[in-house]
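The residues making up each chain are set out below.
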Amino acid sequence: MVEKIQAAIVGSVQHKPQKAADAPRAFPLEQVAELAGLALDDAGMTPDQIDGLAIGSAVFSEVRMFVPSMVAEYLGLKLNFGEVVDLGGATAVAMAWRAAAAIQLGLCNAVLCVTHARPGPSAPRAAGAGPSARGLGAHSGAYGAPEAEFDLPYGHVAQNTGYAMIAQRYKAVHGYDERAMAKIAVDQRTNACANPDAFFHGQPITIDDVLRSRMIADPLHLLEIVMPVTGGAAFIVARKDIARTNDHRPAIIRGFGERIQGKSPSYVDDMLVTPIGPASRTAFAMAGLAPRDMNMAQIYDCYTITVLLTLEDAGFCPKGQGAKFVRDHDLTWRGDFPVNTHGGQLSFGQAGLAGGASHLVEAVRQVQGRCGERQAARHDLAYVSGTGGVMSEQVALILEGA
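Residues numbered from 1 in each chain as written. Predicted model: local features only at pLDDT ≥ 70, side-chain atom pairs only at ≥ 80, totals over all residues. Heavy atoms only, no water.

Caption draft 1: Geometry of the nonpolar core. Within the largest apolar cluster, 52 residues are counted, with the highest numbers of intra-cluster contacts made by Ile305, Leu311, Phe316 and Tyr383. Elements represented by at least two residues in this core include exactly α5 (158–174), α6 (178–192), α7 (207–212), α9 (276–287), α10 (304–313), α11 (322–328), β10 (381–388) and β11 (393–401). For Leu311, the contacting residues outside a window of four places in its chain are Ile299, Phe316, Cys317, Phe325, Val326 and Phe337. Judged by nonpolar contacts, the second largest core, of 39 residues, contains Ala92, Ala99, Ala233 and Leu360. (Core = buried A, V, L, I, M, F, W, Y, C linked by side-chain atoms within 4.5 Å. Buried < 20%, exposed > 50% of the residue type's maximum accessible area, 1.4 Å probe, protein only. Helix = DSSP H or I, 4+ residues; strand = E, 2+ residues; numbered from the N terminus. Contact = heavy atoms within 4.5 Å.)

Caption draft 2: Structural view of the layout of surface pockets. One number sums up the size of the second largest pocket: a volume of about 230 Å³. Forming the boundary of the second largest pocket are 14 residues, of which Gln14, Asn195, Asp197, Arg365 and Arg374 lie nearest the centre. Sorting elements by how many residues they give to the lining of the second largest pocket places helix α13 (residues 357–368) first, with 3 residues. Along the lines of polarity and charge, the residues of the lining of the second largest pocket split into 5 nonpolar, 3 polar and 6 charged. (1 Å grid on protein atoms, 1.4 Å probe; cavity = no way out; pocket = protein on both sides within 12 Å on 5 of 7 lines; lining within 4 Å. Points joined across faces, edges and corners; volume = space filled by probe spheres on them. Nonpolar A, V, L, I, M, F, W, Y, C, P; charged D, E, K, R; others polar.)

Caption draft 3: Region of interest: the sheet that holds strand β1 (residues 7–14). Spatial strand order, β3-β2-β4-β7-β1-β8-β11-β10-β9: 9 strands in an open sheet with mixed pairing. Each of the sheet's edge strands pairs with one partner strand only, and the pair in question is β3 (81–85) and β9 (296–298). Across the sheet, the mean angle from the axis of one strand to that of its neighbour is 25°, orientation sign disregarded. Taken together, the 8 bridges between β10 and β11 define a ladder with antiparallel strand orientation. Looking at the pairing, Leu381 lines up with Glu400 of β11. Of the strands in this sheet, β1, β4 (110–117), β7 (231–239), β8 (251–260), β9, β10 and β11 are in contact with α13, which crosses β1 at around 115°. (Pairing = 2+ DSSP bridges. Axes fitted to C-alpha atoms, helices over the stretch in contact; angles between N-to-C directions.)

Caption draft 4: Representation of the packing of aromatic side chains. Counted under the stated rule, the structure contains 8 aromatic pairs. Pairing Trp97 with Phe256 gives two aromatic rings, centres 5.0 Å apart and planes at 15°, and the pair type is stacked. Here the residue Trp97 occupies a position in helix α3 (residues 91–104), and Phe256 occupies one in strand β8, the gap between them amounting to 159 residues. An angle of 85° between the planes, with centres 5.3 Å apart, marks the rings of Phe199 and Phe200 as edge-to-face. Classification of Phe199 as partly exposed rests on a relative accessible area of 25%. Residue classification places Phe200 among the buried positions, given a relative accessible area of 15%. Of the aromatic side chains, those joined through ring pairs into one cluster are Phe284, Phe316, Phe325, Phe337 and Tyr383. One residue, Arg189, lies across the ring of Phe200, its end atom 4.1 Å from the ring centre. (Phe/Tyr/Trp six-rings, centres within 6.5 Å; stacked < 30°, edge-to-face > 60°. Lys NZ or Arg CZ within 6 Å of the ring centre and 35° of its normal.)

Caption draft 5: Region of interest: α9. The end-to-end C-alpha distance of α9, which contains 12 residues, comes to 16 Å, matching closely the 16 Å that a straight helix rising 1.5 Å per residue would cover. Within α9, burial applies to Ile276, Gly277, Ala279, Ser280, Ala283, Phe284 and Ala287. On an axial view of α9, the arc spanned by its buried residues comes to 165°, and they lie on one face. Across from the buried face of α9, at angles greater than 90 degrees, the exposed residues are Arg281 and Ala285. For α9, the elements touching its buried residues are β8, α10, β10 and β11. Following α9 by one or two positions, Gly288 adopts a phi angle in the positive range, close to 70°. (Expected span 1.5 Å × (residues − 1). Arc of directions from axis to C-beta.)

Caption draft 6: The arrangement of the pairing of β3 in detail. Here 5 bridges tie strand β2 (residues 52–56) to β3, and the two strands are oriented parallel to one another. Bridge pairing links Gly56 to Val85 in β3. Remark: the β2/helix α2 (residues 67–75)/β3 crossover connection has right-handed handedness. (Right-handed = clockwise from strand over helix to strand, strands pointing away.)

What follows is the structure, encoded as structure tokens:
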């Protein structure tokens, strides 16, 4: 029996997503400082109350090692807990449970969690520096990496091909309803149209629009794939007694789970058995709740197929029945099963490592009743997921309003 978790998310903030060319440039330390200040203001807390830090693994141009100590020094914090989290899109959700665990163990009282994703100033290119590997996405082209030898030479490059391969396998095993897949993107765009901060706010789409959009990697169309933007996010996890002093309703962390399966789908036993299954079962068991108890789901959505597989493997519907679930339910903020009420990364935008934080921030603000037009009618319990790589590392989190 897991002891009841004594931690809640009390403050949260995120930058409005922007294209890189339009975003202000700042050093990573400056971005972290700005986000930290905004999160503290939202929580009604002061820096001296923070004694824990979780930082995303996004590149710090200022340093390659000792990131927590450098950030603590820059922010003037004295820490009892410091962590760098490197789980790609699952990073923000993973930060939340690590912070809760540290508080539960008595290591610290309040943990600042930050992911930054705006561009920094351009540095002079070092003499002899090699070419950029940005085009490889989550894949590694480094000498000695298995992917460099066995994936990249055969066209399995970056995320599009990996997720398309998973979707093709799903099609072969369970069939593939392309209109149901498109409906995921359409319902999330409806949510984005109720969110002034979303990148695609005011730009509704139809199922036919999705299916007419350019095919990127069969069967995935352009409008089924994330919109890359810049941004950043931060949130604070604190002891429940501290959380109750805040003006906003605390979002209690009821349960969490994490599962790391492998980096490339080329080597997994079954591409359709994803890590979110065991992660979610752990989270629900810890919370003493079930998928049917959730009022909403904020699901990591780099692609529409990611949402479908998460709905199935997390237990919201049986395996192979994801398309029917999508057809039978209204996934918009006003519907019977709201999903990604901020628009998801498909329509809010994916701000690099901070992209997964958007789901967590949205869940917190929904639970707190702070979402304005898109506020869900029932908002006491929220399921949140994070995904890194190509369904490689996944985290589940259950939040409940106090």
